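The chain contents come next:
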Amino acid sequence: MAKETSVLGNKIKELKKKRNAIILAHNYQLPEVQDAADYRGDSLELSRIAAKTDAEVIVFCGVYFMAETASILSPDKKVIMPDINAGCPMANMLKADDLKKLKAEHPKAVTVGYVNTSAEVKAELDYCCTSTNAVAVVNVLKNSEEIIFVPDKYLADFVEKKTGRKMIIWNGFCPTHIKILPEDVKCEKKFHPFAKVMVHPECLPQVVSMADAVLSTSQMAKFAKESEATEFIVGTEIGLVYRLKKDNPKKEFYPAAERAVCPNMKRTTEEKIISALEEMKEEVKVPEDIRKRAKKSIDRMLEIV
Ligand code: 13P
Ligand code: SF4
């Protein structure tokens, strides 16, 4: 098995060189995909890398909105996805028309949208944000009378509590993160009383309230590395645990719930990366008019952080 993995890994390396490509992988990707990647990261880090790279081709191992974000920031690069059907159900919970209607109902409101949205939705936003910087973005809007925050109602709840702002929110959520229940965390804490509890802000508020730290996936990686603690309960999609263990071989990581698996994040395989590089598809390209408008909301976010 290990031999087969390395054969595929070598093939990927060879094709990457031939195509002048880089592989970006989100922290929830399968272990072998994370290992094949040039960069692993959270949504913010991957968009920054996509904006800066000199490579001609970006192979995006994540979900559709992430590849779209890479295409928005790097229009001259060819962005390809090994599995174009890897979508984000939360991003699909809000259409551009829904947001236009909400804006029409609240004409004075400033609109902030989580990066987990389509390019069409981003084109309607004033500010984009990620789980790393949502609180910072909302804190900048001190003089705005009203704020619309979409699509994640649980991230919105976390931001409201942190900033003291009441916002107009959409009824979206991550179907994977809501699978982590307060009783799961309670149970893990019982088994591992000295473990620090790290939780993603997409989790249920009852779970967030039990955390020692509420963090994005890469912030969790940093926290685990820098903390003096040696045991951690990880309240996010289980793919991150592979990275945490690899980066910190002397520390222990316990998933809060093994059932927190995002099926879309697991669609990408090494074989599909090879086909993508051989056939140079499927390409993700955002139409220029939408791209320009969507980019403004991302640029405003990047100016803040
Ligand atoms: P981050 O990696 O930015 O924390 O995002 C988590 C997530 O659910 C991405 O879809
Ligand atoms: Fe979307 Fe949740 Fe999967 Fe992230 S983990 S891609 S938010 S469904």
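Residues numbered from 1 in each chain as written. Chains lettered and ligands numbered in written order. Predicted model: local features only at pLDDT ≥ 70, side-chain atom pairs only at ≥ 80, totals over all residues. Heavy atoms only, no water.

**Some thoughts on the site of ligand 1**
- Lining the immediate surroundings of ligand 1 are 13 residues, of which His-26, Ser-43, Ser-131, His-200 and Thr-217 lie closest.
- His-26 is positioned such that a nitrogen or oxygen atom in its side chain is 2.6 Å from an oxygen atom of ligand 1.
- Thr-217 has a polar side-chain atom sitting 2.6 Å from an oxygen atom of ligand 1.
- Look at ligand 1: alone it shows 300 Å² of surface, and the protein chains cover 96% of it.
- Here the residues of the shell around ligand 1 sort into three nonpolar, eight polar and two charged. (Near = heavy atom within 4 Å. Polar contact = N/O pair within 3.5 Å; in protein donor to acceptor, adjacent residues only side chain to side chain. Areas by Shrake-Rupley, 256 points an atom, 1.4 Å probe, with all protein chains shown as cover. Nonpolar A, V, L, I, M, F, W, Y, C, P; charged D, E, K, R; others polar.)

**What about the site of ligand 2?**
- What surrounds ligand 2 is the set Tyr-28, Val-63, Cys-88, Pro-89, Asn-116, Cys-174, Pro-175, Glu-202, Cys-262 and Met-265.
- Counted by class, the shell around ligand 2 contains eight nonpolar, one polar and one charged residues.

**A few points about the pattern of salt bridges**
- Applying the stated criterion across every chain, the model contains 22 salt bridges.
- Taking the shortest distance from any N to any O, the salt bridge between Lys-16 and Asp-38 comes out at 3.0 Å. Taken together, the residues span a long stretch of sequence, with Lys-16 in helix α1 (residues 2-19) and Asp-38 in the loop between α2 (31-36) and β2 (39-41) at a distance of 22 residues.
- The exposure class assigned to Lys-16 is buried, which follows from its relative accessible area of 13%.
- Residue classification places Asp-38 among the partly exposed positions, given a relative accessible area of 34%.
- Through salt bridges with shared partners, one network takes in Lys-11, Glu-14 and Glu-278. (Salt bridge = Lys/Arg side-chain N within 4 Å of Asp/Glu carboxyl O. Helix = DSSP H or I, 4+ residues; strand = E, 2+ residues; numbered from the N terminus. Buried < 20%, exposed > 50% of the residue type's maximum accessible area, 1.4 Å probe, protein only.)

**A closer look at the packing of helix α11 (residues 217-226) against helix α12 (residues 239-247)**
- Axis separation between α11 and α12 bottoms out at 10 Å; the angle between their running directions is 30 degrees. Looking at the two axes, α11 sits roughly parallel to α12. Pair α11 / α12 crosses with right-handed handedness. From α11, Thr-217, Ser-218, Met-220, Ala-221, Ala-224 and Lys-225 reach across to α12, where they touch Leu-240, Arg-243, Leu-244 and Asp-247. (Axes fitted to C-alpha atoms, helices over the stretch in contact; angles between N-to-C directions. Parallel < 35°, antiparallel > 145°, perpendicular 65-115°, else oblique. Left-handed = near helix turned anticlockwise from the far one by under 90°. Contact = heavy atoms within 4.5 Å.)

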